[in-house]
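Structural features, examined
The primary structure of each chain is shown beneath.
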Amino acid sequence: MASTLNNCPAPAKLNLFLHVTGRRPDGYHLLQTVFQLLDHGDTLHFERRDDGVIRRTTPVAGVPEESDLIVRAARLLKSTARGNTAHLGADIAIDKRLPMGGGLGGGSSDAATTLIALNHLWQTGLSRAELMALGLKLGADVPFFIFGRNAFAEGVGEALQPVATPDCWYVVIEPGVSVPTAAIFSDSDLTRNTKPVRILDFLEAHSSFGKNDLQVVATKLFPPIAEVIEWLRQYGDARMTGSGACVFCAFEREHQADAAIAALREAGRTDWKAWKAKAIERHPLSHLLKS
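Scope of this entry: the structure provided in the associated data block.

Along its length, the protein carries nine helices and 10 strands. A compact globule built from 291 residues should have a C-alpha radius of gyration of about 19 Å, and the protein, at 19 Å, falls within 12% of that. Considering only C-alpha atoms, the protein reaches an extent of 55 × 45 × 35 Å along its principal axes. A total of 291 residues make up the protein; the buried ones form 54% of that total. By sequence separation, contacts in the protein at least 24 residues apart represent 76% of the contacts at least 6 residues apart. As presented, the protein carries roughly 12700 Å² of accessible surface, and 51% of it is formed by carbon and sulfur atoms.

Here we come to the environment of W169. Structurally, the position occupied by W169 is in strand β7 (residues 169–174). Taking the relative accessible area as the measure of exposure, W169 reaches 16% and is therefore buried. Between the C-alpha atoms of W169 and L38, which are 131 residues apart in sequence, the distance is 9.0 Å.

Angle between the axes and distance between the axes are the two parameters that describe a pair of packed helices. Running from N to C, helix α1 (residues 69–80) and helix α2 (residues 106–121) point in directions that differ by 35°, and their axes come no closer than 8 Å. Judged by the twist between their axes, the crossing of α1 over α2 is right-handed. Taking contact as the criterion, the partners of L69, I70, A73, A74 and L77 in α1 are, on α2, G107, S108, D110, A111, T114, L115, L118 and N119.

Bringing the packing of aromatic side chains into the picture now. Where two aromatic rings form a pair, the distance of their centres and the angle of their planes describe that pair. For the structure shown, the criterion picks out nine aromatic pairs. Between F17 and F152, the aromatic rings sit 6.4 Å apart at their centres with planes inclined by 50°, giving tilted as the arrangement. With a gap of 135 residues between them, F17 in strand β1 (residues 4–23) and F152 in strand β5 (residues 151–154) connect regions that are remote in the sequence. Aromatic rings pair up to connect F17, F152, F202 and F209 into one cluster. Seen from the ring of W272, R269 lies directly overhead, with NZ or CZ sitting 3.9 Å from the centre. Positioned over the ring face of W169 is K276, at 5.5 Å from the centre of the ring.

It is worth spelling out helix α9 (residues 254–266) at this point. For α9, which comprises 13 residues, the first-to-last C-alpha distance of 19 Å matches the rise-based estimate of 18 Å (1.5 Å per residue) to within 8%. Of all the positions in α9, only A257, A260, I261 and L264 are classed as buried. Buried residues in α9, looked at end-on, bunch into an arc of 95°, giving them a common side. Exposed side chains of α9 directed beyond 90 degrees from the buried face belong to H255, R265 and E266.

What counts, and where the lines are drawn
- Per chain, residues are indexed from 1 in the order of the written sequence.
- Given that the model is predicted, a residue must reach a pLDDT of at least 70 before its local features are reported, and side-chain atom pairs must reach 80 or more before they are shown or counted; all residues, however, enter totals for whole chains, interfaces and linings.
- Values reported for side chains reflect all heavy atoms of the structure, with hydrogen atoms and water molecules removed beforehand.
- Secondary structure follows DSSP: runs of H or I at least 4 residues long count as helices, runs of E at least 2 residues long count as strands, and numbering of each begins at the N terminus.
- Here the radius of gyration uses the C-alpha set of atoms, whereas the globule reference equals 2.2 Å times the residue count to the power 0.38.
- Think of it in three bands: with a 1.4 Å probe and only protein chains considered, a residue is buried below 20% of the maximum accessible area for its type, exposed above 50%, and partly exposed in between.
- Every residue pair with non-hydrogen atoms within 4.5 Å of one another is taken to be in contact.
- Surface accessibility in these figures is a Shrake-Rupley result with a 1.4 Å probe; residues are shielded only by whichever protein chains are displayed.
- Axis geometry follows a simple rule: fit a line to the C-alpha atoms, using only the stretch in contact for helices, then measure angles between N-to-C directions, giving values from 0 to 180 degrees.
- Crossing chirality is assigned from the near helix's rotation relative to the far helix, an anticlockwise turn below a right angle marking it left-handed and a clockwise turn marking it right-handed.
- Two aromatic rings, drawn from Phe, Tyr or Trp (for Trp, its six-membered ring), form a pair once their centres lie within 6.5 Å of each other, and the interplanar angle then sorts them: stacked below 30 degrees, edge-to-face above 60, tilted otherwise.
- Remark: a charge is flagged as sitting over a ring if the NZ atom of Lys or the CZ atom of Arg is within 6 Å of the ring centre and within 35 degrees of the ring normal.
- Helix span is expected to be 1.5 Å times the residue number reduced by one.
- It is the directions from the helix axis to the C-beta atoms whose arc is reported.

Put into structure tokens, the structure is as follows:
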């Protein structure tokens, strides 16, 4: 039985569009979006322990170990697994690349990778659907990463259908600000009644489809996001992902993405961090899951 799983990817996601279509009685917003996986993200490393202790061995600035979604995911899996689980433990290290408050799903992706990896390492035997249900208890984006495919999402983001997305490159720019999701969803200027769309509408239009309803509020509260969008729009339909702050634009070829990043460096915007990523179809750990 393997005792370690190293170099486990926790990929970033983009929201190719994001519409707010309503609000539930409990206050949660109803959304429609398309989630796109990228070949860029955090990397986690797991070592099984047999003394029941679950530890994050890497410090993460601003995130106490007890509140980290990685640790919470591991403990939730342990408490849910069938049989005697008292001995199940793990040391978890992380190479953190994705920014917090960036709209890239970093914390949710880390939690999903933790559930997938420890389900395999601990041999707890939960199915993909069971892990997705656990993930929803941690956050609305977690089930998508366990679902493991680009998806048209509805509800609070948990109702997922696989969808074909463009094979392209993306340039992502971090504006140097962190956006608290609650501040965006609680703002009185947020559009909450966008007309629902069909998955076919997206398939016919792809990257030119829709908008991000959260962008108007985020750019009002955080002007650097608006600056990045304006700069990146010289290359195409630049828009914000999630509740912000990161902004992205699609490119057909890698060299086009490289040219945009080089232009940003020449512009001297050292307060912005830019990187490129390839669109991918499936989560790199999908092979560890049973349907």
